[in-house]
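Here are the chains, one letter per residue:
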Amino acid sequence: MKVEWRTEPGSRAVLEIEVPEDDVTRAMDQAYAALVRRVQVPGFRRGRAPRPIFERHIGTDALREEALRQLVPDQYAEAISQAGIAPITRPSIQVKDGPDGKGLHLTATVDVYPTVTLPDYRAIRVPRETNPVTDADVDRAVEDIRTRHGRLASTPDETARRGDFVLLNVTAAPQGLERLQPGRELLVEIGGGLLPAPVEAALEGARAGEDRTAQVEGAGEVTVHVGDVRRKDLPPLDDAFARMVSDQPTLAALRDSLRARLTRERAEDETRERRERALDAVLAQSAVDLPESLVRHELEHMLEDLSSRLQSRGLSVESYLRSQEKDEAALLAEMRPGAERRVRGRLVLEAVAEREGLAVTEEEIAAEVEKLAGDLKQDIPKVSAWLAEGGRREGLRESLLRRKAMTLLVDAVTGVLAAAPPPQVPAAQTPGESGASA
């Protein structure tokens, strides 16, 4: 067998495979031996029909099809081995007669694991930004809780201001404004965004009993009658308030508790943001020739995730698309940049892990399984059995490896690691641009 191959954009490999006539003849012989034992030929016991008679009975094309069913995959597998490439999809294979009608010529096209060219990420710098929790942050958290526990009280002598609630009745409105139907009564917060901005603006300064009119661009004139202006009566900030809204005995203890929570949440947010900035910085200087198949696969996952989120809210993808006035093709087009970024990110992290010689130990996997069992409130053996199915355990290992690579990248670009790069381990993914073997 002779194999020539080349790479094309999109991490695609094309293999030209010449199959000798002797191999084809041998495959035809094997096909006859297999079929003659399964097909009954009139006048002969099964397995005893001479080949010429058997071929006339089932047809030469049927015999050839059976021969190719085994020959083509075998020849493709051997060609892949000779070329030294790593396919990630099923191949598309064209079969033609060989030169002068002898043998076969196979053209196999397949996506391969892409080559990832990494920069010197230890020389890249991304500031390690921190944003400590301040007294003002705690004040806002306390005020947010206080606002949620406030009670609306009528203020007949006060004019409405931003943040107040207005009880109104729609007296006139054009068609097409869903919330503003004539005769409808609404309780709305000024500045809450429930109504068009011009209507909310017209309500500022209004008193109970007044009519207000606003011009909504693209729709028309809206008139409402103000029935009442209500303002939140907020509870006093004292120890009794702390006990009412939490399990803390004093206002000072509530503030300390809120500060600890905010500090923890901000640290988590900063860690996520730091990872994203580090990965973006490395991606900007990396070269990855993305296979279309990987992007399509990621888009399918993203669409499944969207479907799950919508189902949890009692919605479907179809209803979501109708509400957004778009079709699935437009949705996938919007998702594509995110899908491409996700795939590039995974490939870069895998290449970093290979370059750095990172590995995941059985102890680390066991610890992650224990954590997962705790999160799911399941027994560890049950979670372990679930992970053993369908390659989930290997997926967990790959996820932990990428997590290690991300931690290393963050340390590298924030200057925690030494600037000197480690020994170069090729992140070999595909063969060269072209090659041949006999």
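We now examine the overall build of the protein. A tally of helices and strands in the protein yields 13 helices and 12 strands. Taking 438 residues into account, the globule formula puts the C-alpha radius of gyration at 22 Å, and the protein, at 34 Å, lies well above it. Along the first, second and third principal axes, the C-alpha set of the protein runs to 110 × 60 × 45 Å. For the protein, buried positions account for 35% of its 438 residues. Only carbon and sulfur atoms are counted for the fraction: they give 49% of the accessible area of the protein, which is about 25400 Å². With 62 positive and 76 negative side-chain charges, the protein shows a separation of 3 Å between the mean positions of the two kinds.

Even without being a glycine, aspartate 100 presents a positive backbone phi close to 60°. For aspartate 100, the location among the structural elements is in the loop between strand 3 (92–97) and strand 4 (104–111). Even without being a glycine, glutamate 325 presents a positive backbone phi close to 55°. By secondary structure assignment, the location of glutamate 325 is in the loop between helix 9 (317–324) and helix 10 (328–356). Judged by relative accessible area, which is 75%, glutamate 325 ranks as exposed.

A full pass over the atoms with the stated rule returns 37 salt bridges. A salt bridge links arginine 231 to aspartate 164; the nearest nitrogen and oxygen atoms lie 2.7 Å apart. Of this pair, arginine 231 sits in strand 10 (residues 220–233) while aspartate 164 sits in the loop between strand 6 (151–154) and strand 7 (165–172); the two residues are 67 residues apart in sequence, bridging distant segments of the chain. For the pair formed by arginine 231 and aspartate 164, the shared burial category is buried. The residue aspartate 280 makes a salt bridge to arginine 341 at a minimum N-O spacing of 2.6 Å. Here aspartate 280, found in helix 7 (residues 251–284), pairs with arginine 341, found in helix 10; they are 61 residues apart in sequence, far enough to count as distant. Residue class for arginine 341 comes out partly exposed when judged on its relative accessible area of 22%. Shared partners join several salt bridges into a network, and the residues in it are Glu362, Arg393, Glu394 and Arg397.

Attention now goes to the packing of helix 11 (residues 362–376) against helix 13 (residues 392–413). Running from N to C, helix 11 and helix 13 point in directions that differ by 105°, and their axes come no closer than 11 Å. When the axes of helix 11 and helix 13 are compared, the pair comes out roughly perpendicular. Residues Glu362, Glu364, Ile365, Glu368 and Val369 of helix 11 lie in contact with helix 13, whose contacting residues are Arg393, Leu396, Arg397, Leu400, Arg403 and Lys404. Residue composition of the contact of helix 11 with helix 13, grouped by class: 4 nonpolar, no polar and 7 charged.

As judged from the 4 bridges shared by strand 6 and strand 10, these two strands associate in the antiparallel manner. If you follow serine 154 over to strand 10, its bridge partner there is arginine 230. Across 7 bridges, strand 7 lies against strand 10 in antiparallel orientation. Note that in strand 10 the partner of phenylalanine 165 across the bridge is arginine 230.

This brings us to the confidence of the model for the protein. When pLDDT is averaged along the protein, the result is 90; 95% of the residues meet or exceed 70. Below pLDDT 50 for its whole length, residues 425–434 participates in 29 contacts with residues either more than four positions away or in separate chains.

Under the definition given, this model contains 1 aromatic pair. Their ring planes at 70° and their centres at 5.6 Å tell us that tyrosine 32 and phenylalanine 54 sit as a pair that is edge-to-face. Linking tyrosine 32 in helix 1 (residues 21–35) with phenylalanine 54 in helix 2 (residues 51–58), this pair joins segments that are 22 residues apart in sequence. Given a relative accessible area of 0%, phenylalanine 54 falls into the buried group.

When you tally the buried positions in strand 4, you get 7 out of 8 residues, the bulk of the element. Judged from the 8 bridges that link them, strand 2 (residues 12–19) and strand 4 form a sheet pairing that is antiparallel. Residue pairing for strand 4: arginine 12 is matched across the bridge by aspartate 111. Relative to strand 4, strand 3 is paired through 6 bridges, and the arrangement is antiparallel. The residue bridging aspartate 97 from the neighbouring strand is leucine 104, located in strand 4. Between strand 3 and strand 4, which pair antiparallel in sequence order, lie 6 residues; one of them, aspartate 100, sits at a positive phi of approximately 60°.

Rules used in this analysis
Residues numbered from 1 in each chain as written. Predicted model: local features only at pLDDT ≥ 70, side-chain atom pairs only at ≥ 80, totals over all residues. Heavy atoms only, no water. Helix = DSSP H or I, 4+ residues; strand = E, 2+ residues; numbered from the N terminus. Rg over C-alpha atoms; globule rule 2.2 N^0.38 Å. Buried < 20%, exposed > 50% of the residue type's maximum accessible area, 1.4 Å probe, protein only. Areas by Shrake-Rupley, 256 points an atom, 1.4 Å probe, with all protein chains shown as cover. Lys, Arg positive; Asp, Glu negative; His and termini not counted. Charge placed at Lys NZ, Arg CZ, Asp CG, Glu CD. Salt bridge = Lys/Arg side-chain N within 4 Å of Asp/Glu carboxyl O. Axes fitted to C-alpha atoms, helices over the stretch in contact; angles between N-to-C directions. Parallel < 35°, antiparallel > 145°, perpendicular 65-115°, else oblique. Contact = heavy atoms within 4.5 Å. Nonpolar A, V, L, I, M, F, W, Y, C, P; charged D, E, K, R; others polar. Pairing = 2+ DSSP bridges. pLDDT = per-residue confidence, 0-100. Phe/Tyr/Trp six-rings, centres within 6.5 Å; stacked < 30°, edge-to-face > 60°.

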